[in-house]
Every structure is written in structure tokens, then in C-alpha cells.
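# Analysis of the macromolecular model
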Amino acid sequence: MGKLDGKVAFITGAARGQGRSHAVRLAQEGADIIAVDICAQMESVPYPMATPEDLELTVKAVEETGRRIVAWQADVRDVVALGKAFQDGVAELGPVDIVLANAGIGPGGAASEDEQWADVVGVNLTGVWNTGRVSIPSMVERGQGGAIVLTSSTGGLVGVGIPTAGFLGYTAAKHGVVGLMRSWANYLAPHSIRVNSVAPTTVKTPMAANGDLSVITAGSPELARVLANAMPVDAVDPLDVSNAIAWLVSDDARYVTGTVVPVDAGQLNKR
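Scope of this entry: the structure provided in the associated data block. Bear in mind the structure is a predicted one, so any value in this text is a computation, not a measurement. Sequence order as written defines residue numbering, which begins from 1 separately in each chain. Only residues with pLDDT of at least 70 get local features here, since the model is predicted, and only at 80 or more are side-chain atom pairs given and counted; chain-wide, interface and lining totals rely on the full set of residues. In computing side-chain properties, one takes all heavy atoms of the structure into account and sets aside hydrogens as well as water.

## Comments concerning the overall build of the chain
- In terms of regular secondary structure, the chain is built from nine helices and seven strands.
- Since a compact globule built from 271 residues should have a radius of gyration of about 18 Å, the 17 Å found for the chain is in line with a globular shape.
- For the chain, the spread of C-alpha atoms along the three principal axes comes to 50 × 35 × 35 Å.
- We call two residues in contact whenever any of their non-hydrogen atoms come within 4.5 Å of each other. Counted over contacts in the chain with a minimum sequence separation of 6, partners at least 24 positions apart contribute 76%.
- Here the open area of atoms and residues is found with the Shrake-Rupley method and a 1.4 Å probe, where only the protein chains shown may cover a residue. Surface accessibility of the chain: about 11,500 Å² in total, with carbon and sulfur atoms responsible for 53%.
- Two residue types count as positive, namely Lys and Arg, and two as negative, namely Asp and Glu; His and chain ends fall outside the count. A charged residue contributes its charge at one atom only: NZ of Lys, CZ of Arg, CG of Asp or CD of Glu. Here the chain holds 20 positive side-chain charges and 28 negative ones, and the gap between their average locations is 7 Å. Comment: elements are numbered from the N terminus, with helices defined as DSSP H or I runs of at least four residues and strands as E runs of at least two. The globule rule used here is 2.2 Å times the number of residues to the 0.38 power, and the radius of gyration it is set against is calculated over C-alpha atoms.

## What about the pairing of strand β3 (residues 69-73)?
- Pairing of strand β2 (residues 32-37) with β3, which is carried by five bridges, proceeds in the parallel orientation. The partner of isoleucine 34 across the bridge, within β3, is valine 70.
- We call a crossover right-handed when, viewed with the strands running away from us, the connection from the first strand over the helix to the second turns clockwise. Assessed by its sense of winding, the connection that carries the chain from β2 through helix α2 (residues 52-63) to β3 is right-handed. Only strands that DSSP links by at least two bridges are regarded as paired with each other.

## Let's talk about the pairing of strand β5 (residues 146-151)
- Here the term buried applies to any residue with accessible area under 20% of the maximum for its type, exposed to any over 50%, and partly exposed to those in between, with areas from a 1.4 Å probe on protein chains only. Within β5, six of the six residues are buried, which leaves the element mostly enclosed by the surrounding structure.
- Side chains Gly146, Ile148 and Leu150 project from β5 onto one buried face, and the interleaved Ala147, Val149 and Thr151 project onto a second face that is buried too.
- Pairing of strand β4 (residues 98-101) with β5, which is carried by four bridges, proceeds in the parallel orientation. Looking across to β5, one finds that valine 99 is bridged to isoleucine 148.
- Relative to strand β6 (residues 193-200), β5 runs parallel, the two being bridged by six bridges. If you follow isoleucine 148 over to β6, its bridge partner there is valine 195.

## What about the pattern of salt bridges?
- Here, a salt bridge means any side-chain nitrogen of Lys or Arg that lies within 4 Å of a carboxyl oxygen of Asp or Glu. Evaluated as defined, the whole model comprises nine salt bridges.
- In this structure, the salt-bridge partner of aspartate 119 is arginine 77, at a minimum N-O distance of 3.2 Å. One end of the pair, aspartate 119, is in helix α4 (residues 113-142); the other, arginine 77, is in the loop between β3 and α3 (79-93), and 42 residues separate them in sequence.
- The exposure class assigned to aspartate 119 is buried, which follows from its relative accessible area of 16%.
- The class for arginine 77 is partly exposed, based on a relative accessible area of 32%.
- Via salt bridges that share partners, Asp32, Arg67 and Arg68 belong to a single interconnected network.

## Re unusual backbone geometry
- Backbone geometry at alanine 209 places phi at a positive 50°, although glycine is not the residue there.
- By the element assignment, alanine 209 lies in the loop between β6 and α6 (213-216).
- The residue asparagine 210 is not glycine, and still its phi comes out positive at about 55°.
- As for its placement among the helices and strands, asparagine 210 is situated in the loop between β6 and α6.
- Take asparagine 210: its relative accessible area is 51%, and that puts it in the exposed class.

Now the structure itself:
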């Protein structure tokens, strides 16, 4: 018996990294998974993004837990495509109880400042809003409650201080995610739908050079200072974030809503 037996979870950015980890962790607790990822490269993103093959590996990893999964390629900035993926997933697996707005990109890349800003805000904030607006109406109409977790960042709670369009957009978007979470939490509380956020420090994923701070902070002493944790680790594992999310969406946290849970090795407290 798992804590999420009989639940269906809708997860964006699920092809690898944190998203795959979340999908597998929730499946281990009994949830079936609707997995979505763009599986394509964006010019403004400085690292290789996930591929269709990565999404297939997520499918395999979830199936190995014994749970069901359906996977779709969709851009969270495209609310029509995202809505279709959601509806098709519901048609196969049933109504959604859990939503993880996890899809996100890091700043930088071979693009203009306007393109960097538009892409990082488009994915990291508008994409989160789109995830909510394609999923929340059915959760409210169903009347069975539910749980939503939005992925922010320690950069969503402090000013990173790097004056480039990509980093400014990233910081603004992650702050916006926290505001969106708090607003949805108040709106959805009467419907017994809880909304929270996680704020990780650097996580060992391809987006963050698999946790290699020497790569991430090359040529930027200020960024190295910002990313330093209090505990003697440079980065946390995706599973550390997944474990926090598994608690937040379970009945163990049934009265927890409107809050940010840092998984940050003490980074925020150090400031």
C-alpha cells in the first residue's frame, strides 16, 4: 500500500532530471502518471535539453514500479497543446488528483537578451500558469480535493544579483511562481485543493551541469557566492526534492497549503 494509491498525477518537464525523479517517486507510492515534456531544444538554453528518448526512459522507469503512465510531447508555453495532453491523459488514466508544475529552463545561451527573457519567463512562469489553468477547472468541478506543487527555486526567494536578461528573467519568474502559488492556495482552499511550492538549491540535473558548481559558476564569483550552501554539499539529488513533494501531495500534509518548502541545504538560512 502506497500513500498515493489510486491517484493520478500530471507532471510537466517529466523527461529527465527532477521531473523523471518525481514521476518515479510518486509512482512508487501508487500514483499513475501523465508525463509531459517539450523534448526539443530551445536556442536560448545553453545546455542540451531533453529528447523523446529521454521521455521514453521515464515511461520505462515508471512502468518498472508497476504503475501506469502516458507521455506526451508538449510545450508548456502552448496552452492548447498542453490542454490536449492533459485531456488525453485523463481519458486514458482517469481524473487528475495531483499536479506538479515542474518544467523549467536555465538562463543563458546563444540568443538575444529579449529572447532570453521571453523564453525563461515563458517557460518558468507562463508555463506554470498554463499548467494550472488546464488542470485546476477539472479538479474543482470533480469536488474531490487534490494537491498542486509548483517548482520555484532559492532564486525565487532572494535576488540572485546577476544583471543579465536570462538571470533577471529567471529570478523574476521564480518569484512569480511563489506569488501564483499563494494566490491559488487561497482561491482553492475552499475546494480542499492544496497548493504549495518547493524551492531547491542547485540540483544534480543536466540543467545545472549535474551539480558541478565549477562549470555553473565559471567566470562569475558573484554566482558562486549566491549558490553556496550552508551544509557541505554543492548540490542536492533530484530524489531529495521528490521526497519533499511526495510528502506535500500526500495526506501526511493534508493541512499544509500556501507555503514554500526549501530543499536547499541551508542556503537561504545562511544569508
